[in-house]
Amino acid sequence: RPKLSGPKLLCQLKDKVEVSTLTSDLQPFSSLPWADQLPTKQLTSDLGPYKSCAVVSSAGSLRYSGLGKEIDCHDAVLRFNAAPTSGYEKDVGSKTTIRLINSQVMASDDHRFLSSSLYSAGALAAWDPAPFSADLTQWYNRTDYPIFTQYQRYRRLHPMQPFYILHPRFEWQVWQRIQDNMAEPIQKNPPSSGLLGTVLMMSLCEVVHVYEFLPSRRKTELCHYYQRFFDAACTLGAYHPLLYEKNLVKRMNQGSNRDILTHGRVTLPGFSKLNC
Ligand code: NCC
């Protein structure tokens, strides 16, 4: 299989991946009693378009980066899971436009998802590792974590906050882009929140800067910038095909290698700016 150049990879991503979210008119949800808790419109028609966007990975290498001001200068900022800004503003900034969370975060007691104010800034988008190519009904009846019960509870407590659920088709379309561009079979687990969030922002923004997804010279075994926990697998991957994701992002990067080294910064064009 020929190795595609960066511009070709970007066009493939734009053509073959549709960033879609669940809406209240979609089967099987439309016939459920809580359907009207789901948004009526897609995330991509409610939010944006933005000029510049920052995607802030949760990597330990953000600690002592001093990137906070630069991150906050973007029109929109995406963060992940339980990653806080409070107390870490100097390194990660304080603006949160969208927070992308996995269903494990919504379900585990540790994260106090229903009560913690960490989740109240900006819009929320959640995802659950759905079975490959399974239909929505199959997934609904057997989610990895109880994403739908937690979603309903959260919506009842915070009815005004925009909250979307990613369509599982989106996860697997992104997964397919990774697999089709790698020489070897990759694990059949969905991509990490990091790559899903990056592609999500490419559909909303003219330019996307991703921070410490490709590690800078601050690379560390510290898993998250906000926790004293060390594990190289956080950066290299175990369950998620993370190394392959990073390889793909490296190939699509339009910024310099120096930007990666000093800022852990990757520059990606938004889909609207691509001439394919
Ligand atoms: O760790 P996590 O991800 O929340 O990090 C968000 C995204 O940042 C990128 N990252 C993170 C750490 C690091 N050292 N390098 C990185 O590049 C990754 O792209 C990552 O996706 C997830 O993807 O949702 C994940 O969530 C955690 C965990 O569920 C949450 O943090 C809540 O505690 C997963 N960890 C475990 O299941 C133990 C992780 O595998 C993936």
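Refer to the structure presented above.
Predicted, not measured: the structure shown is a model, and the values here were computed from it. (Residues numbered from 1 in each chain as written. Predicted model: local features only at pLDDT ≥ 70, side-chain atom pairs only at ≥ 80, totals over all residues. Heavy atoms only, no water.)

(A) Broad picture of the site of the ligand. If you check the shell around the ligand, you find 20 residues, and the closest are N81, N102, Q104, S193 and H224. A distance of 2.5 Å separates an oxygen atom of the ligand from a polar side-chain atom of Q104. Between the ligand and C223, the relevant distance is 3.0 Å, taken from a nitrogen atom to a main-chain nitrogen or oxygen of the residue. Contact with the protein chains hides 77% of the accessible area of the ligand, taken as 730 Å² for the molecule alone. (Near = heavy atom within 4 Å. Polar contact = N/O pair within 3.5 Å; in protein donor to acceptor, adjacent residues only side chain to side chain. Areas by Shrake-Rupley, 256 points an atom, 1.4 Å probe, with all protein chains shown as cover.)

(B) Main features of the environment of L100. Within the element layout of this structure, L100 appears in strand β3 (residues 98-102). By relative accessible area, which is 0% here, L100 ends up buried. In this structure the C-alpha to C-alpha distance between L100 and S193, which are 93 residues apart in sequence, comes to 7.0 Å. Setting aside its immediate chain neighbours within four residues, L100 contacts L78, R79, F80, N81, A125, A126, W127, L166, S193, L196 and G197. (Helix = DSSP H or I, 4+ residues; strand = E, 2+ residues; numbered from the N terminus. Buried < 20%, exposed > 50% of the residue type's maximum accessible area, 1.4 Å probe, protein only. Contact = heavy atoms within 4.5 Å.)

(C) Up close: the packing of aromatic side chains. Counted according to the given criterion, the structure contains 18 aromatic pairs. Here F29 and W34 contribute two aromatic rings whose centre-to-centre distance is 6.2 Å and whose plane-to-plane angle is 65°, an arrangement assigned as edge-to-face. For the pair F29 and W34, one class covers both residues: buried. When the centroid spacing of 5.7 Å and the interplanar angle of 65° are considered together, the rings of W172 and W175 count as edge-to-face. Remark: W175 and W172 occur in helix α8 (residues 168-180); sequence separation between them is three residues, near one turn of the helix. Here W172 and W175 have matching classes, each one buried. Among the aromatic residues, ring-to-ring pairing joins F29, W34, F113, Y119, W139, Y140, F148, Y151, Y154 and F163 into one connected group. In this structure, K188 is placed above the aromatic ring of F132, and the distance from its NZ or CZ to the ring centre is 4.3 Å. One cation-aromatic arrangement involves K246 over F213; the distance from NZ or CZ to the ring centre is 5.0 Å. (Phe/Tyr/Trp six-rings, centres within 6.5 Å; stacked < 30°, edge-to-face > 60°. Lys NZ or Arg CZ within 6 Å of the ring centre and 35° of its normal.)

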